[in-house]
Amino acid sequence: MLILVKVEGGKVYVSINKNSLNMTKRVKEMCNMSPDVKHTVLLIGGGPASFVCAETLRQNCYQGRIIIITKDTLPPFDKPKLSKALNVESNKILLRSADFYQQHGIEVWTQREVVSVKPAEKVVKMNDGTLQHYDQLLIATGCRARTLTCPGSDLKGINVLQGYEDAKEIHSSSTGQKVVVVGASFIGMEVASYLSGKAASVAVVGTTRYPFEHCLGPEVGKMSMEMLEDKKVKFFMSDRVTEIRGENGKVKEVVLGSGTVLEADVVIAGIGVIPNSDFLAESGVEVDPRKAVIVDKFMRTNVADIFGAGDVTSFPLTIRGDQRVNIGHWQMSQAHGRVAALNMLRKPTKIESVPFFWTAFHGKSIRFAGFGDGYTEIIIKGKVEERKFLAFYIKDEMVVAVASMMFDPAVAHIAELMANGHTITKSQAQVEDLSWLRM
């Protein structure tokens, strides 16, 4: 994009191509594929890790063949938006247009699935039986939604939010109907929030006292629950689904362990995820007990020329002393993709990003940075009940994570401090004067 600026008679004149004003996404200068370069990078998975990897390769003058293979019907899209706006149109969530991929020589194969990898031959096998050669491979297959296994879980009307079509189906089938959301996860809460003004009724079933209790603490969890209760969402916490009853093959009731029976036309499960790594069973690529692909700080697996990125991986987290973690954050997947691409190009780069995510319901957002697993104390500034707060999560006298609502830009600044190697002590979090946060 070319912008011309000139100053005449004390006035500043800016000239720009009108078409550029309509662009919603800016891109760095990128090179194109050269037919003379006989080298192929294969990216398995259509999420942010694969997308950013492809862009980074082209931005760094890689001129070989790039292929993104995805099971989705769409090219890479903004998946976190689905749970916040189930009825969003596909053209509103695409990360790039079809023209972009064509212009920069990036092939996107939709509705294709890799079923096995043979590193010795450097080929992958597709679900249609075809083989594809690679020189370097990225495993960025993400995770799949865990499904219900209780009696009646095979009835019609039970859904998980996995892809774009799932979102559209949940929206259309839930409108004006009685909905039960199983799981007070971020996905479950966002879906419940979205449906609260559209379904006839919305009930959320969770196993803890409050949503997000383990990761954000009881105070923030209680506040989140009250926000949805204000919109007539009913909660059945410290409970679980033991059976789903149907009529004529379709959902009719959800039975809880407490004996409570909930009327239901639609059930939506948000009860966790499973890494998509089964296709690697015969590849020699190492996975952990949860089936996450094990990578080092350069996003390399234990097999030469095979890299991993995104939700499917277990990687060393710098801010926790290289503790191996599995983090399903959009921002972290993007960072993984970039680091993987640079290391494919023999530009040694370590993954050192600080985890960051946000969730939103009813016009309010919670922002989170760091890694809070194992925290033993929470220090709160502001008032959670007034929905304006900053929470510090403490472990071993150090701040390991922060969460906020209406307290910007505190979380972003703390993430920056963590990324630069600064430690934040419990005593810093306790002081009344927060000027060090540049509020």
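Overview of the structure. From a predicted model like this one, the values you see are computed outputs, not experimental measurements.

1. With respect to the pattern of salt bridges
In the structure shown here, the tally under the stated rule is 20 salt bridges. One salt bridge in this structure joins arginine 209 and glutamate 213, with 2.6 Å as the shortest N-O distance. Here arginine 209 falls in the partly exposed class, since its relative accessible area comes to 48%. A relative accessible area of 13% places glutamate 213 in the buried class.

2. Some details on the sheet that holds strand E9 (residues 136-139)
Pairing in this open sheet of five strands is parallel, and the strands run E5-E4-E3-E9-E21 from one edge to the other. Bordering the open sheet on either side are strand E5 (106-109) and strand E21 (306-308), each of which pairs with just one other strand. Each neighbouring strand pair of the sheet contributes to a mean axis angle of 20°, computed without reference to strand direction. In terms of strand pairing, strand E4 (residues 65-69) meets E5 through four bridges, oriented parallel. What sits directly across from isoleucine 69, in E5, is tryptophan 109. The strands touched by helix H2 (residues 48-59) are strand E3 (40-44), E4, E5 and E9; relative to E4, the strand with the most contacts, the crossing angle is about 170°. Docked against the sheet, helix H9 (residues 330-344) engages E3, E9 and E21, running at close to 165° with respect to E9.

3. A short note on the nonpolar core
Nonpolar side chains tend to gather and get buried jointly when the protein is soluble and globular. The biggest cluster of nonpolar side chains holds 53 residues, and the ones touching the most others in it are Leu43, Val117, Val124 and Leu138. Not counting chain neighbours up to four residues away, the residues in contact with valine 117 comprise Val123, Val124, Tyr134, Leu137, Phe279, Leu280, Glu282, Ser283 and Ile306. Val191, Val204, Met223 and Ile366 belong to the second largest nonpolar core, which has 47 residues in total.

4. Concerning helix H6 (residues 186-195)
Here H6 lies mainly inside the structure; eight of its 10 residues are buried. Every buried residue of H6 is listed here: Gly188, Met189, Glu190, Val191, Ala192, Ser193, Tyr194 and Leu195.

5. With respect to the packing of aromatic side chains
What the rule picks out here adds up to eight aromatic pairs. Considering the side-chain rings of phenylalanine 186 and phenylalanine 212, the 4.3 Å spacing of their centres and the 15° angle between planes classify their relative orientation as stacked. With phenylalanine 186 in helix H6 and phenylalanine 212 in the loop between strand E13 (201-205) and helix H7 (213-216), this residue pair connects regions lying 26 residues apart in the sequence. Among the aromatic side chains, those forming a connected cluster through ring pairs are Phe186, Phe212, Phe357, Phe361, Phe368, Tyr375 and Tyr393.

6. Considerations on unusual backbone geometry
The step from aspartate 408 to proline 409 runs through a cis peptide bond, and the omega angle for that step is 0°. In the Ramachandran plot, lysine 122 falls in the positive-phi region, its phi being about 55° despite a non-glycine side chain. Following the sequence through the fold, lysine 122 ends up in the loop between strand E6 (114-118) and strand E7 (123-126). For serine 238, which is not glycine, the phi torsion reads 55° and is therefore positive. Among the structural elements, serine 238 can be located in the loop between strand E14 (234-236) and strand E15 (241-247).

7. Considering the packing of H2 against H9
Two elements in contact, H2 and H9, have axes whose closest approach is 7 Å; the angle formed by their N-to-C orientations is 40°. In terms of their interaxial angle, H2 and H9 are classed as oblique. Classified by chirality, the crossing of H9 by H2 is right-handed. Note on element contacts: H9 touches H2 through Trp330, Ser333, Gln334, Gly337, Arg338, Ala341, Leu342 and Met344, opposite Pro48, Ala49, Val52, Cys53, Thr56 and Leu57.

8. So, the state of the cysteines
In total, this model carries zero disulfides according to the counting rule given. The thiol of cysteine 53 is unpaired, and the distance to the nearest cysteine sulfur, on cysteine 31, comes to 13 Å. On the accessibility criterion, cysteine 53 (0% relative accessible area) is buried.

Conventions used here
Residues numbered from 1 in each chain as written. Predicted model: local features only at pLDDT ≥ 70, side-chain atom pairs only at ≥ 80, totals over all residues. Heavy atoms only, no water. Salt bridge = Lys/Arg side-chain N within 4 Å of Asp/Glu carboxyl O. Buried < 20%, exposed > 50% of the residue type's maximum accessible area, 1.4 Å probe, protein only. Pairing = 2+ DSSP bridges. Helix = DSSP H or I, 4+ residues; strand = E, 2+ residues; numbered from the N terminus. Axes fitted to C-alpha atoms, helices over the stretch in contact; angles between N-to-C directions. Contact = heavy atoms within 4.5 Å. Core = buried A, V, L, I, M, F, W, Y, C linked by side-chain atoms within 4.5 Å. Phe/Tyr/Trp six-rings, centres within 6.5 Å; stacked < 30°, edge-to-face > 60°. Parallel < 35°, antiparallel > 145°, perpendicular 65-115°, else oblique. Left-handed = near helix turned anticlockwise from the far one by under 90°. Disulfide = S-S within 2.5 Å.

Functional significance is not addressed by these values, which are geometric in nature.
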